[in-house]
Amino acid sequence: MKQKVKLIASDLDGTLLQNYMPDCSEEAIELITALTKKGVIFVPASGRQYFNLHNMFKKVDGDVMYLCENGALVFYQDKVLLKCHFSHFAPHIPAIAAT
């Protein structure tokens, strides 16, 4: 039985965005639109903040899921699906008190 692809994630800098491009190419936007029409969710994955990714993909905003801030924040259709704080990743690291 052939399995259907449901989600494609891609890193941005140096992968989807080549040669220090500030925005996604029109070709990439067209490809994302075609994927969406086939029921495939596209996920730009980056260490960047949500606001930056949202601006970069505004032409296809409702269709993409954002994996932001190195995986600590996931947005899909204006909803937060996951939000992790540093303490969730490293509870064994004591807080540093200001001196």
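Up top is the structure.
None of these values were measured; they are calculated from a predicted model.

Asker: Would you mind going over helix α1 (residues 26–37) with me for this structure?
Answerer: An α-helix turns once per 3.6 residues; consequently, residues spaced three or four apart project the same way. Its 12 residues place the ends of α1 17 Å apart at the C-alpha level, agreeing with the 16 Å of an ideal helix rising 1.5 Å per residue. What α1 keeps buried is the set Ala-28, Ile-29, Ile-32 and Leu-35. All buried residues of α1 project into a common sector of 120° when viewed along the axis, lining one side. Away from its buried face, by an angle of more than 90 degrees, α1 presents the exposed residues Glu-27, Glu-30 and Lys-37. Considering only its buried residues, α1 is in contact with β1 (7–11) and β2 (41–45). Looking at the residues trailing α1, positive phi occurs at Gly-39, about 85°.

Rules behind the numbers
- Residues numbered from 1 in each chain as written.
- Predicted model: local features only at pLDDT ≥ 70, side-chain atom pairs only at ≥ 80, totals over all residues.
- Heavy atoms only, no water.
- Helix = DSSP H or I, 4+ residues; strand = E, 2+ residues; numbered from the N terminus.
- Expected span 1.5 Å × (residues − 1).
- Buried < 20%, exposed > 50% of the residue type's maximum accessible area, 1.4 Å probe, protein only.
- Arc of directions from axis to C-beta.
- Contact = heavy atoms within 4.5 Å.

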